[in-house]
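Single-letter residue listing:
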Amino acid sequence: MRTGDVAARLAELALGARCPGCGAPGMGACAACAAALRSVLPFGVGGLPDGLPPVVAAGAYADTLRKVLLAAKERNALGLLPLLGGRLAAAVARLVLDAGPVSSLVLVPVPSAPAQMAARGVDLTASLARSAGVRLRSAGLGVRVHRGLALARRPEDQAGLDRIQRLANLAEAFRPVGVDASGPVVVVDDIVTTGATLAEAVRACRLGGGHVIGGAVVAATMRGGGAR
Ligand SMILES: [Zn+2]
(Lines give C-alpha, C1' and ligand atoms only; values in the text may rest on other atoms or scores of the structure.)
Protein backbone atom coordinates (compact mmCIF):
# COMPACT_ATOMS: atom_id res chain seq x y z
CA MET A 1 0.00 0.00 0.00
CA ARG A 2 1.34 3.43 -0.92
CA THR A 3 2.22 5.92 1.80
CA GLY A 4 -0.63 8.18 0.69
CA ASP A 5 -3.10 5.31 0.95
CA VAL A 6 -1.90 4.48 4.45
CA ALA A 7 -2.25 8.13 5.46
CA ALA A 8 -5.78 8.17 3.99
CA ARG A 9 -6.78 5.11 6.01
CA LEU A 10 -5.21 6.49 9.18
CA ALA A 11 -7.15 9.72 8.66
CA GLU A 12 -10.35 7.73 8.31
CA LEU A 13 -9.53 5.71 11.41
CA ALA A 14 -8.59 8.69 13.56
CA LEU A 15 -10.89 11.38 12.17
CA GLY A 16 -13.60 9.59 10.20
CA ALA A 17 -12.34 11.50 7.16
CA ARG A 18 -13.86 10.59 3.81
CA CYS A 19 -13.81 11.98 0.29
CA PRO A 20 -16.90 14.21 0.01
CA GLY A 21 -17.40 13.06 -3.57
CA CYS A 22 -17.49 9.27 -3.23
CA GLY A 23 -17.01 8.45 0.45
CA ALA A 24 -13.61 6.79 0.01
CA PRO A 25 -11.41 7.00 3.11
CA GLY A 26 -9.05 9.95 3.25
CA MET A 27 -8.61 13.64 3.72
CA GLY A 28 -10.15 15.92 1.11
CA ALA A 29 -11.27 14.81 -2.33
CA CYS A 30 -9.77 11.53 -3.59
CA ALA A 31 -7.66 11.47 -6.75
CA ALA A 32 -10.49 10.01 -8.84
CA CYS A 33 -13.04 12.65 -7.78
CA ALA A 34 -10.49 15.47 -8.25
CA ALA A 35 -9.70 14.14 -11.73
CA ALA A 36 -13.42 13.90 -12.54
CA LEU A 37 -13.92 17.56 -11.61
CA ARG A 38 -10.90 18.65 -13.63
CA SER A 39 -12.16 16.77 -16.70
CA VAL A 40 -15.30 18.95 -16.95
CA LEU A 41 -14.97 21.84 -19.41
CA PRO A 42 -16.23 25.27 -18.25
CA PHE A 43 -19.26 26.58 -20.12
CA GLY A 44 -21.12 29.84 -20.63
CA VAL A 45 -24.25 30.10 -18.48
CA GLY A 46 -27.38 31.20 -20.31
CA GLY A 47 -30.77 32.47 -19.20
CA LEU A 48 -29.39 35.09 -16.82
CA PRO A 49 -30.80 38.60 -16.25
CA ASP A 50 -30.57 41.10 -19.12
CA GLY A 51 -27.56 43.37 -18.99
CA LEU A 52 -25.36 40.84 -17.23
CA PRO A 53 -22.01 40.33 -19.01
CA PRO A 54 -20.99 36.75 -19.93
CA VAL A 55 -20.92 34.31 -17.01
CA VAL A 56 -18.87 31.11 -17.12
CA ALA A 57 -19.30 28.15 -14.75
CA ALA A 58 -16.67 25.46 -14.18
CA GLY A 59 -19.38 22.83 -14.00
CA ALA A 60 -22.97 21.99 -13.26
CA TYR A 61 -24.08 22.06 -9.62
CA ALA A 62 -24.65 18.30 -9.52
CA ASP A 63 -23.00 15.00 -8.62
CA THR A 64 -19.39 15.21 -7.44
CA LEU A 65 -19.01 18.98 -7.84
CA ARG A 66 -22.15 19.59 -5.78
CA LYS A 67 -20.98 17.24 -3.01
CA VAL A 68 -17.50 18.75 -2.86
CA LEU A 69 -18.84 22.31 -2.87
CA LEU A 70 -21.35 21.47 -0.14
CA ALA A 71 -18.57 19.93 1.96
CA ALA A 72 -16.49 23.10 1.55
CA LYS A 73 -19.48 25.26 2.54
CA GLU A 74 -21.01 23.25 5.34
CA ARG A 75 -18.07 21.41 6.83
CA ASN A 76 -15.59 24.21 6.39
CA ALA A 77 -13.31 21.73 4.62
CA LEU A 78 -10.48 24.11 3.81
CA GLY A 79 -8.48 21.29 2.24
CA LEU A 80 -10.91 21.45 -0.68
CA LEU A 81 -10.06 25.08 -1.49
CA PRO A 82 -7.18 24.36 -3.91
CA LEU A 83 -9.34 21.97 -5.94
CA LEU A 84 -12.35 24.30 -6.05
CA GLY A 85 -10.18 27.37 -6.55
CA GLY A 86 -8.62 25.57 -9.51
CA ARG A 87 -12.08 25.04 -10.97
CA LEU A 88 -12.88 28.73 -10.50
CA ALA A 89 -9.59 29.55 -12.22
CA ALA A 90 -10.67 27.35 -15.15
CA ALA A 91 -13.93 29.29 -15.44
CA VAL A 92 -12.07 32.62 -15.39
CA ALA A 93 -9.61 31.32 -18.02
CA ARG A 94 -12.48 30.36 -20.32
CA LEU A 95 -14.06 33.79 -19.83
CA VAL A 96 -10.78 35.52 -20.71
CA LEU A 97 -10.28 33.32 -23.78
CA ASP A 98 -13.76 34.27 -24.99
CA ALA A 99 -13.40 37.97 -24.14
CA GLY A 100 -10.07 38.44 -25.90
CA PRO A 101 -6.55 38.88 -24.57
CA VAL A 102 -5.97 40.82 -21.36
CA SER A 103 -2.68 41.39 -19.59
CA SER A 104 -4.16 41.88 -16.15
CA LEU A 105 -7.37 41.07 -14.36
CA VAL A 106 -9.07 41.99 -11.10
CA LEU A 107 -11.17 39.31 -9.39
CA VAL A 108 -13.89 40.76 -7.17
CA PRO A 109 -15.61 38.21 -4.92
CA VAL A 110 -19.32 38.57 -4.19
CA PRO A 111 -19.59 39.55 -0.49
CA SER A 112 -20.75 36.82 1.86
CA ALA A 113 -23.59 37.42 4.28
CA PRO A 114 -22.38 38.01 7.86
CA ALA A 115 -24.40 35.01 9.12
CA GLN A 116 -22.66 32.71 6.65
CA MET A 117 -19.24 34.01 7.63
CA ALA A 118 -20.03 33.61 11.30
CA ALA A 119 -21.19 30.04 10.74
CA ARG A 120 -18.23 29.10 8.57
CA GLY A 121 -15.53 31.21 10.16
CA VAL A 122 -14.28 31.91 6.67
CA ASP A 123 -15.38 33.88 3.63
CA LEU A 124 -15.58 30.99 1.19
CA THR A 125 -16.01 33.08 -1.94
CA ALA A 126 -13.05 35.33 -1.10
CA SER A 127 -10.95 32.25 -0.29
CA LEU A 128 -11.92 30.64 -3.61
CA ALA A 129 -11.00 33.87 -5.41
CA ARG A 130 -7.57 33.96 -3.74
CA SER A 131 -6.95 30.32 -4.64
CA ALA A 132 -8.03 30.95 -8.25
CA GLY A 133 -5.76 34.00 -8.35
CA VAL A 134 -2.76 31.87 -7.41
CA ARG A 135 -3.53 29.42 -10.22
CA LEU A 136 -4.04 32.14 -12.81
CA ARG A 137 -0.86 33.97 -11.83
CA SER A 138 1.07 30.71 -12.19
CA ALA A 139 -0.32 30.59 -15.74
CA GLY A 140 1.20 34.01 -16.38
CA LEU A 141 -1.86 36.26 -16.06
CA GLY A 142 -1.48 39.35 -13.88
CA VAL A 143 -4.34 38.76 -11.44
CA ARG A 144 -5.25 40.65 -8.31
CA VAL A 145 -8.03 39.71 -5.94
CA HIS A 146 -9.80 42.73 -4.57
CA ARG A 147 -12.66 42.64 -2.10
CA GLY A 148 -14.14 45.73 -3.65
CA LEU A 149 -17.74 45.13 -2.58
CA ALA A 150 -19.46 45.19 0.79
CA LEU A 151 -23.00 44.51 1.94
CA ALA A 152 -24.98 47.75 1.99
CA ARG A 153 -27.80 46.05 3.83
CA ARG A 154 -28.81 42.56 4.78
CA PRO A 155 -30.94 40.86 2.09
CA GLU A 156 -33.57 38.27 3.02
CA ASP A 157 -32.74 34.59 2.54
CA GLN A 158 -32.95 33.89 -1.20
CA ALA A 159 -34.25 30.33 -0.82
CA GLY A 160 -37.77 29.95 -2.17
CA LEU A 161 -37.70 33.23 -4.11
CA ASP A 162 -38.08 33.27 -7.89
CA ARG A 163 -35.85 35.35 -10.13
CA ILE A 164 -37.97 38.50 -10.04
CA GLN A 165 -38.27 38.29 -6.26
CA ARG A 166 -34.53 37.71 -5.95
CA LEU A 167 -33.70 40.72 -8.10
CA ALA A 168 -35.98 42.89 -5.91
CA ASN A 169 -34.56 41.39 -2.72
CA LEU A 170 -31.01 42.14 -3.82
CA ALA A 171 -31.56 45.61 -5.31
CA GLU A 172 -28.74 47.82 -4.05
CA ALA A 173 -27.73 45.19 -1.50
CA PHE A 174 -24.03 45.71 -2.31
CA ARG A 175 -21.94 48.86 -2.37
CA PRO A 176 -18.52 49.49 -3.87
CA VAL A 177 -15.69 50.05 -1.40
CA GLY A 178 -13.00 51.28 -3.73
CA VAL A 179 -13.22 48.91 -6.69
CA ASP A 180 -9.78 48.35 -8.23
CA ALA A 181 -10.20 49.90 -11.68
CA SER A 182 -6.63 49.20 -12.82
CA GLY A 183 -7.74 46.31 -15.01
CA PRO A 184 -10.81 44.53 -16.32
CA VAL A 185 -12.95 43.10 -13.52
CA VAL A 186 -14.39 39.60 -13.24
CA VAL A 187 -16.96 39.13 -10.49
CA VAL A 188 -16.63 35.69 -8.89
CA ASP A 189 -18.97 33.58 -6.74
CA ASP A 190 -19.32 29.96 -5.72
CA ILE A 191 -22.72 29.22 -7.32
CA VAL A 192 -25.02 30.95 -9.80
CA THR A 193 -28.73 30.15 -9.72
CA THR A 194 -30.87 32.93 -11.19
CA GLY A 195 -28.00 35.39 -11.64
CA ALA A 196 -29.65 37.96 -9.36
CA THR A 197 -26.65 38.07 -7.01
CA LEU A 198 -24.14 38.44 -9.85
CA ALA A 199 -26.29 41.14 -11.48
CA GLU A 200 -26.28 43.16 -8.27
CA ALA A 201 -22.53 42.64 -7.82
CA VAL A 202 -21.86 43.78 -11.40
CA ARG A 203 -24.05 46.86 -10.87
CA ALA A 204 -22.18 47.81 -7.70
CA CYS A 205 -18.76 47.21 -9.33
CA ARG A 206 -19.69 49.45 -12.25
CA LEU A 207 -20.96 52.09 -9.84
CA GLY A 208 -17.51 51.96 -8.25
CA GLY A 209 -15.82 52.55 -11.59
CA GLY A 210 -14.93 48.95 -12.41
CA HIS A 211 -14.84 47.77 -16.03
CA VAL A 212 -16.63 44.43 -15.61
CA ILE A 213 -16.06 41.95 -18.45
CA GLY A 214 -17.92 39.02 -16.92
CA GLY A 215 -18.65 36.69 -14.07
CA ALA A 216 -17.13 33.34 -13.15
CA VAL A 217 -18.50 30.73 -10.77
CA VAL A 218 -17.55 27.25 -9.63
CA ALA A 219 -20.98 25.78 -10.34
CA ALA A 220 -24.24 26.66 -12.11
CA THR A 221 -27.53 25.18 -11.00
CA MET A 222 -29.44 23.74 -13.93
CA ARG A 223 -32.93 25.13 -14.13
CA GLY A 224 -35.51 23.78 -16.54
CA GLY A 225 -33.46 20.67 -17.24
CA GLY A 226 -30.54 22.25 -19.05
CA ALA A 227 -27.60 24.61 -18.78
CA ARG A 228 -29.68 27.70 -19.31
ZN1 LIG B 1 -13.78 10.47 -4.17
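Since the structure is predicted, the reported quantities are computational estimates derived from the model, not experimental observations. (Residues numbered from 1 in each chain as written. Predicted model: local features only at pLDDT ≥ 70, side-chain atom pairs only at ≥ 80, totals over all residues. Heavy atoms only, no water.)

## Structural notes on the packing of helix 7 (residues 163-170) against helix 8 (residues 196-207)
Here is the rule: Axis definition: a line fit to C-alpha positions, over the contact stretch in the case of helices; interaxial angles, taken between N-to-C directions, run 0 to 180 degrees. Helix and strand labels come from DSSP, where a helix needs a run of H or I of at least four residues and a strand needs a run of E of at least two; each type is numbered from the N terminus. What makes a crossing left-handed is the near helix being turned counterclockwise from the far one by less than a right angle; a clockwise turn instead makes it right-handed. Residue contacts are defined here by distance: any two heavy atoms, one from each residue, within 4.5 Å place the two residues in contact. Gly falls in the polar group here, along with every residue not listed as nonpolar (Ala, Val, Leu, Ile, Met, Phe, Trp, Tyr, Cys, Pro) or charged (Asp, Glu, Lys, Arg).
The N-to-C vectors of helix 7 and helix 8 enclose an angle of 35°; their axes lie 9 Å apart at closest approach. For the element pair helix 7 and helix 8, the recorded crossing hand is right-handed. Two secondary-structure elements touch here, helix 7 through Arg166, Leu167 and Leu170 and helix 8 through Ala196, Thr197, Ala199 and Glu200. Residue composition of the contact of helix 7 with helix 8, by class: four nonpolar, one polar and two charged.

## Some thoughts on unusual backbone geometry
Rule in force here: For every residue, the accessible area obtained with a 1.4 Å probe (protein chains only) is divided by the maximum for its type, and the residue is called buried under 20%, exposed over 50%, and partly exposed between those limits.
Notably, Asp63 is not glycine yet its phi reads approximately 50°, a positive angle. Assessed through its relative accessible area of 63%, Asp63 is described here as exposed. Of note, the phi angle at Glu172 is positive, near 55°, even though the residue is not glycine. With respect to the secondary-structure elements, Glu172 resides in the loop between helix 7 and strand 6 (174-176). What makes Glu172 exposed here is its relative accessible area of 55%.

## Looking at the side chain of Lys73
The topology assignment puts Lys73 in helix 3 (residues 63-74). What makes Lys73 buried here is its relative accessible area of 19%.

## Comments concerning the coordination of the zinc ion
The condition that has to hold: With water omitted from the atoms examined, metal sites may look incomplete; donors here are N, O and S atoms no farther than 2.8 Å from the metal, or 3.2 Å in the case of Na, K and Ca. A four-donor site is classed as tetrahedral when every donor-metal-donor angle falls between 85 and 135 degrees; four donors are called square planar, and six octahedral, when trans pairs exceed 155 degrees and all remaining angles lie between 65 and 115, with any other arrangement labelled irregular.
Note on the zinc ion: its protein donors are Cys19 (SG), Cys22 (SG), Cys30 (SG) and Cys33 (SG). The metal-donor distances range over 2.3 Å. One can describe the donor arrangement at the zinc ion as tetrahedral, given that its four donor atoms subtend angles of 104 to 116° at the metal.

## A look at the sheet that holds strand 4 (residues 142-145)
Hydrogen bonds between backbone groups are what pair the strands of a sheet, and the pairing can be parallel or antiparallel. The line we're drawing: Two strands form a pair only when DSSP identifies at least two bridges running between them.
The strand order across the open sheet formed by six strands is 1-2-8-7-3-4, and the pairing between neighbours is mixed. Single-partner strands in this sheet number two, and they are strand 1 (43-44) and strand 4. Two elements, strand 3 (residues 104-109) and strand 7 (residues 185-192), share four bridges in a ladder whose sense is parallel. Along strand 7, the bridge assignment pairs Leu107 with Val186. Strands strand 1, strand 2 (55-60), strand 3, strand 7 and strand 8 (212-220) of the sheet are contacted by helix 4 (residues 81-99), whose axis makes an angle of about 145° with strand 8. Across the face of the sheet, helix 6 (residues 124-138) comes into contact with strand 3, strand 4, strand 7 and strand 8 while running at roughly 165° to strand 3.

## Here we look at the pattern of salt bridges
Heads up, the condition is: Salt bridges are identified by distance alone: a Lys or Arg side-chain nitrogen within 4 Å of an Asp or Glu carboxyl oxygen.
This structure, assessed with the given rule, holds five salt bridges. With its nearest N and O atoms 2.9 Å apart, the salt bridge here joins Arg147 to Asp123. Of this pair, Arg147 sits in the loop between strand 4 and strand 5 (149-151) while Asp123 sits in the loop between helix 5 (114-120) and helix 6; the two residues are 24 residues apart in sequence, bridging distant segments of the chain. For Asp123, a relative accessible area of 8% gives the class buried. Put simply, Asp180 and Arg144 hold a salt bridge, and the shortest N to O gap is 3.0 Å.

## What to know about helix 3
As a reminder, the rule being used: One fewer than the residue count of a helix, multiplied by 1.5 Å, yields its expected span.
Over its 12 residues, helix 3 extends 16 Å from the first C-alpha to the last, a length consistent with the 16 Å expected when each residue adds 1.5 Å. Among the residues of helix 3, Thr64, Leu65, Val68, Leu69, Ala71, Ala72 and Lys73 are the ones counted as buried.

## Considering helix 6
Look at helix 6: 21 Å from first C-alpha to last across 15 residues, which is about the 21 Å you get at 1.5 Å a residue. Burial in helix 6 covers these residues: Leu124, Thr125, Ala126, Ser127, Leu128, Ala129, Ser131, Ala132, Gly133 and Leu136. Looking one or two residues past helix 6, Gly140 carries a phi angle of roughly 105°, positive in sign.

## Focus on the pairing of strand 2
Of all six residues in strand 2, five are buried; the element is thus mostly enclosed. Alignment of strand 1 against strand 2, held across two bridges, turns out to be antiparallel. Directly across from Gly44, in strand 2, lies its bridge partner Val56. In terms of strand pairing, strand 2 meets strand 8 through five bridges, oriented parallel. In the strand pairing of strand 8, Gly59 is matched with Ala219.

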